[in-house]
Amino acid sequence: MILEVWLCAESASKLLLIQEKGDQKSFMEMFICVLFFLAIFYLWWRWRAQDGQKIQDLSHKYVFITGCDSGFGNLAARTFDEKGFRVLASCLTEAGALDLKEATSEQLQTVLLDVTNPDNVRKVAEWIKAEVGSAGLWGLINNAGIMGPSAPTDWLTIEHFRAPIEVNLIGLINVTLHLLPLVKMARGRLVNISSTGGRLAVWGGGYCPSKFGVEGFNDSLRRDMKAFGVKVSCIEPGLFKTGLSNRKKIIQERETIWKQLPPAIRKQYGEGYIQKDAAKKEKLTQIFQNTDLSLAVKCMEHALTSIHPHSRYTAGWDAKVLWIPLSNMPTAIQDFILLRNKTELADPTAG
């Protein structure tokens, strides 16, 4: 009897010991989880605090923006003028320059610039140098850009590719090279406007190759300028309602190209291909297109004024939830999703 009682007591003692160890283990696991989430919260809070730190005196800082006739560049010029920057805005046309001057303060200055004209770029760079003097150029925003013809690759000639590459990439590089000494003098900011089309080629033509080139130039420039205290940022807008996304113009350009295609290619794609493809693209446009241009301009502002600017900015909800995540996925997944939006050909074997 005594032996049985002793055995029962021993068993109970062991069970209590096991339970205590289990409770201690559960407590430690919970404690580690709490510490982990506190660490994550602290890092997030610290990042947000740093992200919100701004430079203070803007009134003596010069910013040069290309492509200010309309769209992002026009809104950026007006916004930064209101915030006190010394804005130097380039426009392609006199009408664009006059309209911008009427909408801004006397402090904003405009200049006509065709980024594909080397002599024009050189003269504008000399004018900017005279304007900024010893202060240097705090910000250069390379915004000028065109879409160029957007069509299947086998419809196109080299000239169709050349125009957007000359404006969006070669022009951007040439402007940067001419103004880089002034930005280095100010230990300022370089902001290149790329596109989600520089991360994911969703249609044929020269636009996407030009923006892929901008991404590469931006990356090498960012690393080269780090030692000089110059911060380089790239902005990747999604689909926005601007002159570049003018549906009527895109269709007209495709129809002009269609009329010049060899009969064999026209048979492969079939009559009515342009209209079918446009209808399909229009559905996507209605779903994904952003109308608030300030989303991109706010990225430019942060790149110019934050003490800790980002290397990359994504503008537009479509870019954040679709295009950029998709660009990081395996090629097979990208192709599967993008090919589902392709218009079916009439007879690919026709020749």
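This report concerns the structure included in the present document. Residues take numbers from 1 onward in each chain, read along the sequence in its written order. Owing to the predicted nature of the model, reporting of local features is limited to residues with pLDDT of at least 70; listing and counting of side-chain atom pairs is limited to 80 or more, with chain, interface and lining totals taken over all residues. Just so you know, side-chain values use all the structure's heavy atoms and leave hydrogens and water out.

**Remarks on the overall build of the protein**
Along the backbone of the protein there are twelve helices and seven strands. For the protein, the residues scored as buried account for 42% of the 351 residues in total. The criterion used for residue contact is that any of the two residues' heavy atoms lie within 4.5 Å. Of all intrachain contacts in the protein linking residues separated by at least 6 positions in sequence, the fraction that spans at least 24 positions is 71%. In this description, accessible areas are obtained by the Shrake-Rupley approach with a 1.4 Å probe, and a residue is regarded as covered only by the protein chains that are shown. Summing over all exposed atoms, the protein offers an accessible surface of approximately 19,500 Å²; the carbon and sulfur share of this is 60%. A run of DSSP states H or I qualifies as a helix once it reaches four residues; a run of E qualifies as a strand once it reaches two. Both are numbered from the N-terminal end. Classification of residues uses two cut-offs on accessible area relative to the type maximum, computed with a 1.4 Å probe and protein chains only: under 20% is buried, over 50% is exposed, and between them is partly exposed.

**Examining the side chain of Thr-104**
By the element assignment, Thr-104 lies in the loop between helix H3 (94–102) and strand E3 (109–112). One polar contact links the side chain of Thr-104 to the main-chain carbonyl oxygen of Leu-100, over a distance of 2.8 Å. Residues in contact with Thr-104, not counting those within four places in the same chain, are Arg-78 and Asp-81. Whenever two N or O atoms come within 3.5 Å, that pair is a polar contact, provided that in protein one can donate a hydrogen and the other can accept it, and provided that, for residues adjacent in sequence, both atoms are side-chain atoms.

**As for the layout of surface pockets**
Size it by volume and the second largest pocket reaches roughly 210 Å³. Points on a 1 Å grid, built from protein atoms alone, make a cavity when a 1.4 Å probe fits but cannot get out and make a pocket when they are open with protein on both sides within 12 Å along at least 5 of 7 lines; residues with an atom within 4 Å of a point are the lining residues. Forming the walls of the second largest pocket are Arg-222, Lys-226, Gly-229, Val-230, Lys-231, Val-232, Ser-233, His-308, Pro-309, His-310 and Ser-311. With three residues, strand E6 (residues 231–237) is the single largest residue contributor to the lining of the second largest pocket. Charged residues are taken to be Asp, Glu, Lys and Arg, nonpolar residues to be Ala, Val, Leu, Ile, Met, Phe, Trp, Tyr, Cys and Pro, and polar residues to be all remaining types, Gly included. Partitioning the lining of the second largest pocket into residue classes produces three nonpolar, five polar and three charged. Grid points are joined across faces, edges and corners, and a volume is the space filled by probe spheres set on the points.

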